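For reference, the chains in residue letters:
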Amino acid sequence: MTPEDYMLRAVALAQSVLTATPNPRVGCVIVRDGKIVGEGFHRVAGEAHAEVNALIQAGDLSKGATAYVTLEPCAHTGRTPPCTSALISAGVKKVYYGSDDPNPQVAGKGVSALREAGIEVEGPLLAETCEALNRGFFKRMQQGLPWVRCKMAMSLDGRTAMASGESKWITGAAARADVQLMRAASCAVVTGVNTVLGDDPGLNVRVEQMNHAQAAEFAERQPLRVVIDSGLRTPPDSRIISVPGQALFLTGRAHVQQRARFEGSGALVREIPVLPGGRLDLQAAMQSLAKDDACNEIMLEAGPTLSGAMVQAGLVDEVVIYVGARFLGSDALPLFHLPGIRRMQDHIALELTDVRQIAEDCRITARLKRV
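Residues numbered from 1 in each chain as written. Predicted model: local features only at pLDDT ≥ 70, side-chain atom pairs only at ≥ 80, totals over all residues. Heavy atoms only, no water.

An unreviewed UniProt entry annotates the chain as Riboflavin biosynthesis protein RibD of Pseudohongiella spirulinae. UniProt, in its Function (unreviewed entry) section for the chain, records the words "Converts 2,5-diamino-6-(ribosylamino)-4(3h)-pyrimidinone 5'-phosphate into 5-amino-6-(ribosylamino)-2,4(1h,3h)-pyrimidinedione 5'-phosphate." (UniProt positions renumbered as here; feature names shortened; annotations may be inferred.)

Structure below.
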């Protein structure tokens, strides 16, 4: 096997974890005499990192071995000791790393610490593949914003609901199970107050819908549920507050009584700057989720107005659209509300990255192209 093969195995280990928020997903493989003697991944923030888990499995065989890790090993003490210290103490001879760590506390320091200890270091190796594991972590560290994935479901004629608001169900059970996995991999799920008022969604991860052997484990960590609600119009008995997990309301200036009403139900309320016209500053909202809640990846599950506003504000990185094989008709509601686009040259460009069939439905994934 080549170094690339071993790194791809480390990538696969990292991919087995949906989220280690606020930490990145990391996998590690220990190789000695051409054989894998230890494997590990980072499962949950506060627990052992990938390198430590792999070294524990390898035991004494770590001495003189080569480590393959998808991200530059950390050289600082956080909730756990530095991974560089563990690699040095184990007597590892060489380290291949997949991508540089964008965290200012680590960037370059891990590589330097290993080299100063006499360990040979090579990398980045398969950097693009390894960075793809942690797009949200990289974006949060480099831009102070989370990676935003907008999920929508539509009919084949581009409609998301009947004019009455009825939308259950555009897609089948397999597509809905796929959405549950996407939720479980998100640090937060964001929606708008109109969606809450119209549908009363829970937006939590549901074991019974996930259809996965690790469903119960994935559902142990519920993503933060965030409602963009400038006037705090959400009823305090809404499901988004009552289901397991934490709900956060991003609002404009809230009166003391309003805050007390929500906080008494266990929800959090945070004030966000308001733009002229009364709309919340969505850029400030996303910055707050990155800074105050350490959100790496956000799943946007909202109606056409908020979803369209996020797209036009340049805050959506990726769209995932599930297409049901049915027509809903011209009176039904559109996918996005995107006012002001009147000429072809004003279009919003996307790059298709994946198209696949999921049972009777289709899933389209596309990235928004940045000018």
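On we go.
Brief notes about the overall build of the chain
When you go through the chain residue by residue, the secondary structure sums to 14 helices and 16 strands. Taken against the 2.2 N^0.38 rule, which gives 21 Å for 371 residues, the C-alpha radius of gyration of the chain at 22 Å falls within 12% of a compact globule. Dimensions of the chain, computed from the C-alpha atoms along their principal axes, are close to 70 × 50 × 45 Å. Sorting the 371 residues of the chain into buried and exposed places 50% on the buried side. By element, 51% of the accessible surface of the chain is carried by carbon and sulfur atoms, the whole surface being about 17400 Å². Of the charged side chains in the chain, 39 are positive and 40 negative, and the gap between their average positions amounts to 3 Å. (Helix = DSSP H or I, 4+ residues; strand = E, 2+ residues; numbered from the N terminus. Rg over C-alpha atoms; globule rule 2.2 N^0.38 Å. Buried < 20%, exposed > 50% of the residue type's maximum accessible area, 1.4 Å probe, protein only. Areas by Shrake-Rupley, 256 points an atom, 1.4 Å probe, with all protein chains shown as cover. Lys, Arg positive; Asp, Glu negative; His and termini not counted. Charge placed at Lys NZ, Arg CZ, Asp CG, Glu CD.)

Overview of the domain arrangement of the chain
For the chain, the assigned domains read domain 1 (3–133) and domain 2 (135–368). Each of domain 1 and domain 2 has a C-alpha centre, and these two points are 33 Å apart. Across the contact, 18 residues belong to domain 1 and 16 residues belong to domain 2. Both faces combined, the contact of domain 1 with domain 2 buries some 1400 Å², and carbon together with sulfur accounts for 62% of it. Taken together, the connections running from domain 1 to domain 2 amount to two salt bridges. When the shortest N-O distance is used, the salt bridge between Arg25 and Glu297 registers 2.9 Å. Applying the counting rule to domain 1 against domain 2 returns five residue pairs in polar contact (both at pLDDT 80 or more). Its residues assigned to classes, the side of domain 1 that touches domain 2 comprises eight nonpolar, five polar and five charged. (Domains from an automatic or database assignment. Contact = heavy atoms within 4.5 Å. Buried area = accessible area lost by both parts, 1.4 Å probe. Salt bridge = Lys/Arg side-chain N within 4 Å of Asp/Glu carboxyl O. Polar contact = N/O pair within 3.5 Å; in protein donor to acceptor, adjacent residues only side chain to side chain. Nonpolar A, V, L, I, M, F, W, Y, C, P; charged D, E, K, R; others polar.)

Regarding the sheet that holds strand β6 (residues 147–155)
Read across the sheet, nine strands follow the order β11-β10-β9-β8-β12-β6-β13-β16-β15 without closing on themselves; strand pairing throughout is mixed. Strands at the two margins of the open sheet, each flanked by one partner only, are β11 (268–271) and β15 (350–358). With direction set aside, neighbouring strand axes in the sheet form an average angle of 25 degrees. (Pairing = 2+ DSSP bridges. Axes fitted to C-alpha atoms, helices over the stretch in contact; angles between N-to-C directions.)

A look at the UniProt feature "active site" (unreviewed entry) in the chain
Feature annotation in UniProt assigns "active site" (unreviewed entry) to the following positions: Glu51. Within the secondary structure, Glu51 sits in helix α2 (residues 50–58). Judged by its relative accessible area of 4%, Glu51 is buried. Leave out the neighbours within four places in its chain, and Glu51 touches Cys28, Val69, Leu71, Pro73, Cys74, Cys83 and Leu87.

Observations regarding the environment of Trp147
Among the structural elements, Trp147 can be located in strand β6. On a C-alpha basis, the gap between Trp147 and Leu315 in space is 8.4 Å, while along the polypeptide they are 168 residues apart. Setting aside its immediate chain neighbours within four residues, Trp147 contacts Arg135, Gly136, Lys139, Asn296, Glu297, Ile298, Asp317, Glu318 and Arg367.

Topic: the pairing of strand β3 (residues 66–71)
The element β3 is extensively covered by neighbouring structure, given that six of its six residues are classed as buried. Pairing geometry for strand β1 (residues 27–32) and β3, over four bridges, is antiparallel. Looking across to β3, one finds that Val29 is bridged to Tyr68. Where β3 meets strand β4 (residues 94–99), five bridges bridge the pair, whose relative direction is parallel. Following the sheet pairing, Thr66 is matched in β4 by Lys94.

A closer look at the sheet that holds strand β5 (residues 120–122)
Spatially, β2-β1-β3-β4-β5 is the arrangement adopted by the five strands of the open sheet, whose pairing is mixed. Looking at the sheet topology across the chains shown, the edges are occupied by β2 (35–41) and β5. Neighbour to neighbour, the strand axes of the sheet diverge by 20 degrees on average, direction disregarded. Sheet analysis places β4 next to β5, joined by three bridges and oriented parallel. Residue pairing in the sheet places Tyr96 in a bridge with Glu122 of β5.

Comments concerning the packing of helix α3 (residues 83–90) against helix α4 (residues 109–116)
It is the contact of α3 with α4, at a shortest axis distance of 10 Å, that shows an interaxial angle of 20 degrees. In terms of orientation, α3 and α4 fall into the roughly parallel class. Helix-helix and strand crossings are classified by hand; for α3 and α4 the assignment is right-handed. Where α3 approaches α4, its residues Thr84, Leu87 and Ile88 are matched on the opposing element by Gly110, Ala113 and Leu114. Tallied by class, the residues present in the contact of α3 with α4 amount to four nonpolar, two polar and no charged. (Parallel < 35°, antiparallel > 145°, perpendicular 65-115°, else oblique. Left-handed = near helix turned anticlockwise from the far one by under 90°.)

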